[in-house]
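# Observations on chain architecture
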Amino acid sequence: MEEKKGLDIILVVAVLFLLGLGVTMVYSASSVMAPERFSVTEYYFLIKQGKSIGLGLLIMLLVMGFNYNHYRKLAYPIFFATLGVLVVVLMVGSGDNGSHIMRWLKIGGFRFQPSEAAKVAIVMYLAHSLTKKKEKIKEFSVGFLPHVILTVIMMGLILVQPDLGSVIIIAAIMMIMLFTAGVRFRYLFVLVGLCAPIVWHLIVSSPYRLARWKAFWDPDSDPFGAGYHIIQSKLAFGSGGLAGLGWGNGKQKLFYLPEAHTDFILSVIGEELGFLGVSLIFFMFIIIVYRGIKISMEAENMFGSLLALGLTTLIGL
């Protein structure tokens, strides 16, 4: 009879802590902005975040009672279904905040980003396929090439949205999982050598990506344009100092940070909770990654090990 491992309490506490702090800081960052910019109640984003957390916790409880080995049967269907959804989003999806093609699908009142589901789908596919081919994992035509081809197809569909960030994350997940499964290192080394100039070309050939790249290294060169966001975020962190200005007392969220409740939520945390608050968040993520790797190492089989490692890598990155 299979031994049932107990719940990882440390992992659960770290996740719940981040959820609690996250929803609290989302309210702090959005309570003034929501009525002014969107003409909604100050609790709009708090309620929205709360619903998402509730749904996530419900799914977590359901998944906890499901033997992960059954996911092997679903790996291929989920992977190819995700490819289909990525094609659909290019035809009927909607853009968001400067995404000049398509990234989001709307179904009723629900909106989701298929590229996020793709990250989970690629982990499940690689975990299953690498386990299935573990006896021939060293062979180029079995252990390396098929996995790279299918992953590149998924990356290509995401790249044309365009979403280079997700593409880079998926590529990193693939490399780590291939390496861990035992694919020859020289294949991976050559792949990195081929991908690096391609990524650089994608950056320099796109005006908005190049502007972001330059602003990252020298935001003061364009303080009211591409560098504005970074400069304002640095001001928030600097104002917070060691212990912060106190919850709700931040100033940069008052229409200085363009997306204070989403992209720049960490800047708001840095201003209101200071270096100590930000350090605590990083520590919680370190705990999650550490416990995820520990679970991966203690899994009963190769599929479970790769599945845990892939999902942990996704969160860590």
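Residues numbered from 1 in each chain as written. Predicted model: local features only at pLDDT ≥ 70, side-chain atom pairs only at ≥ 80, totals over all residues. Heavy atoms only, no water.

A separate point is the packing of helix H7 (residues 164-181) against helix H8 (residues 185-204). At a closest axis distance of 11 Å, the pairing of H7 and H8 adopts a crossing angle of 175°. The angle between H7 and H8 falls in the class roughly antiparallel. Listed contacts from H8 to Leu-164, Ile-168, Met-174, Met-175, Leu-178 and Phe-179 of H7 are Phe-185, Leu-188, Leu-191, Val-192, Val-199, Leu-202 and Ile-203. Residues that form the contact of H7 with H8 fall into these classes: 13 nonpolar, no polar and no charged. (Axes fitted to C-alpha atoms, helices over the stretch in contact; angles between N-to-C directions. Helix = DSSP H or I, 4+ residues; strand = E, 2+ residues; numbered from the N terminus. Parallel < 35°, antiparallel > 145°, perpendicular 65-115°, else oblique. Contact = heavy atoms within 4.5 Å. Nonpolar A, V, L, I, M, F, W, Y, C, P; charged D, E, K, R; others polar.)

This part covers the confidence of the model for the protein. A low pLDDT score tells you not to read the predicted coordinates there in detail. Chain-level statistics for the protein give a pLDDT mean of 88 and a share of 95% at 70 or above. Of all helices and strands in the protein, the one with the weakest mean pLDDT is strand E1 (residues 105-107) (73), whereas helix H12 (residues 302-316) scores best (95). (pLDDT = per-residue confidence, 0-100.)

A word on the packing of aromatic side chains. Applying the stated criterion across every chain, the model contains 17 aromatic pairs. Ring centres of Tyr-44 and Phe-45 lie 5.0 Å apart, and the angle between their planes is 85°; on these two criteria the pair is classed as edge-to-face. Judged by its relative accessible area of 36%, Tyr-44 is partly exposed. Three or more aromatic residues joined by ring pairs make a cluster, and in this case those are Tyr-76, Phe-79, Phe-80 and Tyr-125. (Phe/Tyr/Trp six-rings, centres within 6.5 Å; stacked < 30°, edge-to-face > 60°. Buried < 20%, exposed > 50% of the residue type's maximum accessible area, 1.4 Å probe, protein only.)

Over its 19 residues, helix H5 (residues 114-132) extends 26 Å from the first C-alpha to the last, a length consistent with the 27 Å expected when each residue adds 1.5 Å. Among the 19 residues of H5, 15 are classified as buried, and the element is accordingly described as predominantly covered. (Expected span 1.5 Å × (residues − 1).)

It is worth spelling out the pattern of salt bridges at this point. Within the structure shown, the criterion is met by four salt bridges. Lys-253 serves as the salt-bridge partner of Glu-272, at 2.8 Å between the closest nitrogen and oxygen. Here Lys-253 lies in the loop between helix H10 (228-240) and helix H11 (265-298) and Glu-272 lies in helix H11, a separation of 19 residues in the sequence. Both residues of the pair, Glu-272 and Lys-253, belong to the buried class. A salt bridge links Glu-298 to Lys-294, with the shortest nitrogen-to-oxygen separation between them at 2.9 Å. Within this pair, Glu-298 and its partner Lys-294 are both found in helix H11, separated by four residues, close to a single helical turn. Of the residues examined, Lys-294 reaches a relative accessible area of 28% and is grouped as partly exposed. (Salt bridge = Lys/Arg side-chain N within 4 Å of Asp/Glu carboxyl O.)

So, on to the packing of helix H4 (residues 71-92) against H5. At their nearest, the axes of H4 and H5 sit 8 Å apart, and the two run at 145° to each other. Handedness of the crossing formed by H4 with H5: left-handed. Contacts from Tyr-71, Arg-72, Ala-75, Tyr-76, Ile-78, Phe-79, Thr-82, Val-85, Leu-86 and Val-89 in H4 reach Pro-114, Ser-115, Ala-117, Ala-118, Ala-121, Ile-122, Met-124, Tyr-125, His-128, Ser-129, Thr-131 and Lys-132 in H5. When grouped by side-chain class, the residues that make up the contact of H4 with H5 number 15 nonpolar, five polar and two charged. (Left-handed = near helix turned anticlockwise from the far one by under 90°.)

What follows covers the environment of Pro-114. With respect to the helices, strands and loops of the structure, Pro-114 is situated in helix H5. With relative accessibility at 1%, the residue Pro-114 sits in the buried group. The contact partners of Pro-114, leaving out residues within four places of it in the chain, are Thr-82, Val-85, Leu-86, Val-89, Arg-103, Trp-104 and Leu-105.

With that out of the way, let us pick up unusual backbone geometry. A cis amide bond links Gln-161 with the next residue in sequence, Pro-162, at an omega value of 0°. If you check the backbone angles, Phe-255 has positive phi at about 75° while not being a glycine. In this structure, Phe-255 sits in the loop between H10 and H11. According to the relative accessible area criterion, Phe-255 is partly exposed, its value standing at 41%.

Nonpolar side chains in soluble globular proteins tend to end up buried together. Ranked by size, the top nonpolar core spans 37 residues in total, and within it Ile-122, Leu-130, Phe-144, Met-154, Met-177 and Leu-178 carry the most contacts. Elements with a contribution of two residues or more to this core: H4, H5, helix H6 (140-159), H7, H8 and H12. Of all hydrophobic cores here, the second largest spans 15 residues; its members include Leu-18, Val-268, Met-284 and Ile-288. (Core = buried A, V, L, I, M, F, W, Y, C linked by side-chain atoms within 4.5 Å.)

This brings us to H10. Counted at 1.5 Å a residue, the expected span for H10 with its 13 residues is 18 Å, and the 19 Å between its end C-alpha atoms agrees. Those residues of H10 hidden inside the fold are in contact with H11.

Take the side chain of Gln-113 next. Take Gln-113: it is sitting in the loop between strand E2 (110-112) and H5. What makes Gln-113 buried here is its relative accessible area of 16%. Apart from the residues within four sequence positions on either side, Gln-113 is in contact with Arg-103, Trp-104 and Asp-163.

So, on to a nonpolar patch on the surface. Residues Leu-7, Ile-9, Val-13, Met-60, Leu-61 and Met-64 make up a contiguous nonpolar surface patch of about 560 Å² in total accessible area. Contributions of two or more residues to the nonpolar patch are made by helix H1 (9-30) and helix H3 (44-64). With three residues, H3 is the single largest residue contributor to the nonpolar patch. (Patch = residues over 30% accessible without salt bridge, like charges linked within 9 Å, V, L, I, M, F, W, Y side chains within 5 Å. Areas by Shrake-Rupley, 256 points an atom, 1.4 Å probe, with all protein chains shown as cover.)

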